[in-house]
Amino acid sequence: VFFQNFVPSFGKETVRTTAITPQFEQNMDYVDFIHLNILEKKVLNNSEVSVQYLCSKPCIVNLEAVASSEFRTGVSVYRRRWKDEKNLYISRTRQVHLKFPSIMVYRDDYIIRNSIIVHSVILYAWISHKSVSSYDVEQNEDYQNAVAKNYTFLEAVPPFERPFKDHKVCLQWGADYLWMLQANRIPQCPHESDGVQILNFIYASSGEKTGIVKKFEQFENRELETVRQHQIDYPMFTVSIWLYLLHHCEKDLCGILYFIDPKEMYSTPAVFLNEEGYVHIQMHLMRGDDLAVKTSFSLPLKQWFRLDLSFKGGQVEVSSVGKNLKRHHHQSFTFREDFYYDDTAGYFVVGGSGYVNGIEAFFGPVKYYRLNVLETEQISNPLHDKETVEQIELYYERCMDVQEIVYEYRYIVRQGEKVQRNCYYESYYLELIHKYGEESKCDAFMWGKELREKYHTLFKLLQEMDFSAPDVLEDGSDTVLEVGQRIFEKVAKSLSSTDGLSNMGSSVPLLVDSSCCGYHKASYFLAVIFETGLGVSVDRTKGLLYSLVGAQGNERLAVMNLGYKHYQGINNYPLDLELSYAYYSNIATKTSLDQHTIKGEQAFVETIRLMDDELLKAQTKENGDVFMWLKHEASRGNAAAQQRLAQMLFWGQQGVAKNPEAAIEWYAKGAIETEDPVLIYDYAIVLFKGQGVKKNTKLALELMKKAAAKGLPQAVNGLGWYYHNFKKDYRKAAEHWLIAEELGNPDASYNLGVLYLDGIHPGVPGRNETVAARYFYKAAQGGHIEGTLRCSLYYITGNMEDFPRDPEKAVIWAKHVAEKNGYLGHVIRKALNAYLELSWHEALLHYVLAAETGIEVSQSNLAHICEERPDLARKYLATDCVWRYYNFSVSQVNAPSFAYLKMGDFYYYGYQNQSKDLELSIRMYAQAALEGDSQGFFNLALVMEEGNSIPSYILDHLEIDQALHSSNTSLLQELYYRCWNNSNQESISPCSLALLYFYMRVFWNNILQSTLIYFMGTFLLSILVAFAVQHFQSLSARNSPGTRSEPLSDEPSSSGNSNEDATRLVQPDESTFSNDLAQQDSNLQNPLVMG
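Keep in mind that this is a model prediction, so the values were computed, not measured.

### Quick notes on the overall build of the protein
Along the protein, the regular secondary structure elements total 38 helices and 20 strands. Relative to its full complement of 1091 residues, the protein shows a buried share of 50%. Put simply, of all contacts in the protein between residues at least 6 apart along the chain, 67% involve residues at least 24 apart. Taken as a whole, the protein presents about 54700 Å² of accessible surface, with 52% of it coming from carbon and sulfur.

### As for the side chain of Ser-580
Assignment of secondary structure puts Ser-580 in helix α13 (residues 577–594). Apart from the residues within four sequence positions on either side, Ser-580 is in contact with Gly-563, His-566, Tyr-567 and Val-811.

### A few points about a nonpolar patch on the surface
Together, Tyr-110, Ile-111, Val-169 and Leu-171 make up a nonpolar patch on the protein surface, roughly 330 Å² of accessible area in all. With respect to the helices, strands and loops of the structure, Tyr-110 is situated in the loop between α1 (102–105) and β6 (118–129).

### Some details on the pattern of salt bridges
Scanning the model with the defined rule gives 32 salt bridges in all. In this structure, Lys-521 and Glu-601 form a salt bridge, with 2.8 Å as the shortest nitrogen-oxygen distance. Note that Lys-521 is positioned in helix α10 (residues 521–532) and Glu-601 in the loop between α13 and α14 (613–617), a separation of 80 residues in sequence. Overall, Lys-521 belongs to the partly exposed group, its relative accessible area being 25%. The exposure class assigned to Glu-601 is partly exposed, which follows from its relative accessible area of 42%. Close ionic contact of Lys-565 with Glu-852 constitutes a salt bridge, the shortest N to O distance being 2.9 Å.

### Examining the state of the cysteines
Evaluated as defined, the whole model comprises 5 disulfides. Disulfide partner of Cys-55: Cys-59, at an S-S distance of 2.0 Å. Between Cys-55 and Cys-59 the disulfide shows an S-S torsion of about 75°. By sign, it is right-handed. In the protein, the bonded cysteines, taken in the order they occur along the sequence, pair up as 1-2, 3-4, 5-6, 7-8, 9-10. The structure places no disulfide on Cys-517, whose sulfur is separated from the nearest cysteine sulfur, that of Cys-516, by 7.0 Å. Judged by relative accessible area, which is 4%, Cys-517 ranks as buried.

### Some details on unusual backbone geometry
Note the cis peptide between Thr-268 and Pro-269, where omega equals -10°. Within the secondary structure layout, Pro-269 lies in strand β13 (residues 266–273). Backbone geometry places Tyr-89, a non-glycine residue, at a positive phi of 60°. Among the secondary structure elements, Tyr-89 is positioned in the loop between β4 (75–84) and β5 (92–98).

### So, the pairing of strand β2 (residues 47–54)
A regular strand carries its side chains on alternate faces of the sheet. The buried fraction of β2 is high, at 7 of 8 residues. Bridge analysis of strand β1 (residues 33–38) against β2 gives 6 bridges, and the strand direction is antiparallel. Bridge pairing in β2 places Asn-37 opposite Ser-50. Bridging between β2 and β5 involves 7 bridges; their strand directions are antiparallel. Bridging from a neighbouring strand, Val-51 pairs with Arg-94 of β5.

### Quick look at the nonpolar core
If you look at the biggest cluster of nonpolar residues, it comprises 269 residues, and the most contacted ones within it are Ile-256 and Phe-362. Judged by nonpolar contacts, the second largest core, of 31 residues, contains Val-51, Ala-67, Leu-98 and Ala-148.

### Examining the packing of aromatic side chains
A complete count under the given rule lists 54 aromatic pairs for this structure. Their ring planes at 70° and their centres at 5.0 Å tell us that Phe-259 and Phe-348 sit as a pair that is edge-to-face. Taken together, the residues Phe-259 in strand β12 (residues 254–260) and Phe-348 in strand β19 (residues 347–351) connect sequence positions 89 residues apart. A relative accessible area of 1% places Phe-348 in the buried class. With centroids separated by 5.7 Å and ring planes inclined at 45°, the aromatic side chains of Tyr-977 and Trp-980 adopt a geometry described as tilted.

### What to know about the sheet that holds β4
Within a sheet, each strand pairs with its neighbour through backbone hydrogen bonds, oriented either parallel or antiparallel. The strand order across the open sheet formed by 4 strands is β4-β3-β6-β7, and the pairing between neighbours is antiparallel. Either end of the sheet is taken by a strand with one partner, and the two such strands are β4 and β7 (148–154). Going across the sheet, the axis of each strand differs from the next one's by a mean of 15°, ignoring polarity. Both β6 and β7 contribute to a ladder of 7 bridges, which runs antiparallel. When the bridges of β7 are listed, Ile-122 appears paired with Phe-153.

### Description of the sheet that holds β12
The strand order β10-β19-β12-β13-β14-β15 describes an open sheet built from 6 strands, whose pairing is antiparallel. A single partner strand is all that each edge strand has here, and the edge strands are β10 (211–214) and β15 (290–298). When strand polarity is set aside, the average angle formed by the axes of neighbouring strands in this sheet is 10°. Summarising the sheet, β12 and β13 pair through 6 bridges and their orientation is antiparallel.

### Remarks on helix α25 (residues 807–818)
When the terminal C-alpha atoms of α25 are compared, their 16 Å separation across 12 residues agrees well with the 16 Å that a helix rising 1.5 Å per residue should span. Along α25, the positions that sit buried rather than exposed are Pro-807, Ala-810, Val-811, Trp-813, Ala-814, Lys-815, Val-817 and Ala-818. Buried residues in α25 make contact with α12 (556–568), α13, α23 (769–781) and α24 (785–797).

Definitions and limits used
Residues numbered from 1 in each chain as written. Predicted model: local features only at pLDDT ≥ 70, side-chain atom pairs only at ≥ 80, totals over all residues. Heavy atoms only, no water. Helix = DSSP H or I, 4+ residues; strand = E, 2+ residues; numbered from the N terminus. Buried < 20%, exposed > 50% of the residue type's maximum accessible area, 1.4 Å probe, protein only. Contact = heavy atoms within 4.5 Å. Areas by Shrake-Rupley, 256 points an atom, 1.4 Å probe, with all protein chains shown as cover. Patch = residues over 30% accessible without salt bridge, like charges linked within 9 Å, V, L, I, M, F, W, Y side chains within 5 Å. Salt bridge = Lys/Arg side-chain N within 4 Å of Asp/Glu carboxyl O. Disulfide = S-S within 2.5 Å. Pairing = 2+ DSSP bridges. Core = buried A, V, L, I, M, F, W, Y, C linked by side-chain atoms within 4.5 Å. Phe/Tyr/Trp six-rings, centres within 6.5 Å; stacked < 30°, edge-to-face > 60°. Axes fitted to C-alpha atoms, helices over the stretch in contact; angles between N-to-C directions. Expected span 1.5 Å × (residues − 1).

Here you go:
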């Protein structure tokens, strides 16, 4: 259509157009003209238009309507033309009836299924002079070459304001009825805006290679989506980011916000921070090139500001705005060509990723306008949580004072010591006093009284510290951190004492000073103390502040705490899976690295429940009976004892302190003295890696081959690792890994995935991420940490075809890895040891610290302690400990069945201030039943026995066919049967007794039903006789002069006994979670794997 590329100048007259409003003056020169008059300028069927024209020569008059919709533009929808050869030099008027396609002018009905939304309709009219040749000969009659022309706009009618069309047909009754049901129903489109809030809550970015991943889909609104697609080659969008920047980038570039395309390459936009604090902006151009610019202004440190960036075509506008919304800096850039930008083909990252470190900062709200370029004044992106924002500012202002005091104090003390040492060299007497006398203290202060009173606890601690110790380095920042560590250790020791929690009030100021010195274990302590009200009043704002500060300082437990709170959406933290993943992936990545680091306060994370007596008995120490017995057996050459002993010492398992050096001695002894392939393999690994022993590649290879020859899958994988890392022989490496994978080794699956990902798999040209991802998934299914991490990344980005985007699954997988972190294991181990030693204050403190990270075993253990010691919980915890942590436990994907039963009882009977909820109670019992717990089925049956019904959706969840079990009797029979089936069938259990009693009741009822009518008369007669006898006895007693009737007994009925109610749903078979020690060992991942 020749009008498709024509863009009219809307309503504006040009050299080649005539006015829309006709000029009615007589044209004396007989110049050709054409005018359009329409009474109702709407797109209606059979609209009438009056065409007034004058031809100076034989002419052809053309009329054409061109429409534009959301899908196409410049489409001809009506054409009409006629010739005029006789009426020359005479103004004529002709009435024309316009007829448009039905989908433009009528509503949807049974026949017109998809009427279109019309954006604009332009009616063109023009005159072309007829040539001397025949009318049928093709002539140049287009609008551009016309001798006179005009146009006007017609207003489109919205689809639901249009009339229905009379099709002159009769529908079948059924079709007509179905159509009438929805004829007048106007569908409501969901509200959709191009303004998207990428981030609502404050995000603590620690400068690691993790960040928030956001992916945008196409607009549901067709008009918005059409605009977005049109702007791919001429983008128009705006991004607004609130920041509290702590440091500029340490090296190269640090990520603020950038877009990653499906090929995992940077695209438009990519915004970074450099070492000087300038903003680096990189854009992807239409021709495929990438260009970058740098601002002339740097971003401020330790103050809140807003960074606004707008992009239009090939232009970028950058502004820095303060808290008062006044612009501080502004700069514009113009690129040589327009940008290419498709925000649905890839994903956004806020902060760090696998490609770049993030900035060290707090991110505030981040707003993204997908289709509009806005000025600073037009952007709506306020700082919502002003209280937390101010608390962050005040915290860092205070910490600057604390750090300055510590640094200057240390400098003064060190300078004084240097002067004293110079004096000692001249006086032997002074040297002896310094060597054997009391430690000198610095009592002179250069600080004012007001400052000393404000930080009196800090000055007191500084006076007690020895700054001449060799472990305090010359670097001031290390000194400040060392002081923070010493303060924390002093407080932790005090809180772990017999009545330690009673000292919480005096400990909080010291923890604040420790946090300010950069020791963020103290920050996490403060976060937990204020959030749970541990020894103090609950203060959510301070709890959030120290959680954010600790997470920004990379304290592992603080990061996990924020990840868990955003995953569950609890404690006033918004549910945000992408934000949760940013935190969990940070610790998950560290977990893999921590496992290869021998040093540090780490312990293996073990699932030990406090109600499992058998497993508690198996806990030991270096002087414990279990350890001493294992040591005795290992000394006699028992390979299993040597292996277990070495694992316990290497990872700090089963209550034994971590001692890698001693573990390696047992690995070596076992490998040399026995033929156990696991011991040989483990010792080969420590020799390969030099963990706690000098590297010996030759001996390690011999041992690895020896273990592999015995068929150990890990050893076959280890040989592949050797050929890959040491010999660069990828063919042999792949051969060994294929064999190991067939033997079920997950490390081999992961290693094969790496070969495909790096494009070095023998016989396979280039990289193949799809095949690599499948191997990573297989490794993850086998428990491989790095494989699980890879898959969680695929789920959060959605950039792999076999991994559709699923943020919740990404969080669950990253959380699973993060909860294996050795530093968390150390806290859990301290809590368990304290419990075993009956150190209740220390146990409560450390279990609270572990439970707030979101690990389920600590949550249920803490709830158990609060049940065991309610006096302790009431005294030191402001929150309802039992309810809170059992509730947290059942929200986990790996919740134990006894937690469901506990919460079921709480909902059934009501718990303190919590009201009863029968349906929630049934849901909890059903979930316990699904976990295979017979008590769950038992409680469901008792709920029915008491006259309650089970909702149908729960029966479906239990896979109970309601058609087969429509009656209560049949359903009860099924529940009791499943109870018996899931219990110990070799012994008499409450479930077996309940099932037997049920069958007896059914049998007895059947007998009674056959003789019921026979006995009914006898039963009623007996009641009448008894009533008559009692009546006459009472009358005779009342008439007797020497006696008086006694009152009836006032004892309560047993049916109303509250104690009986409280114990109605007693667990029939006290289930435990003890595992055989050997079985537990077999489930432990072998930590010393190659890869």
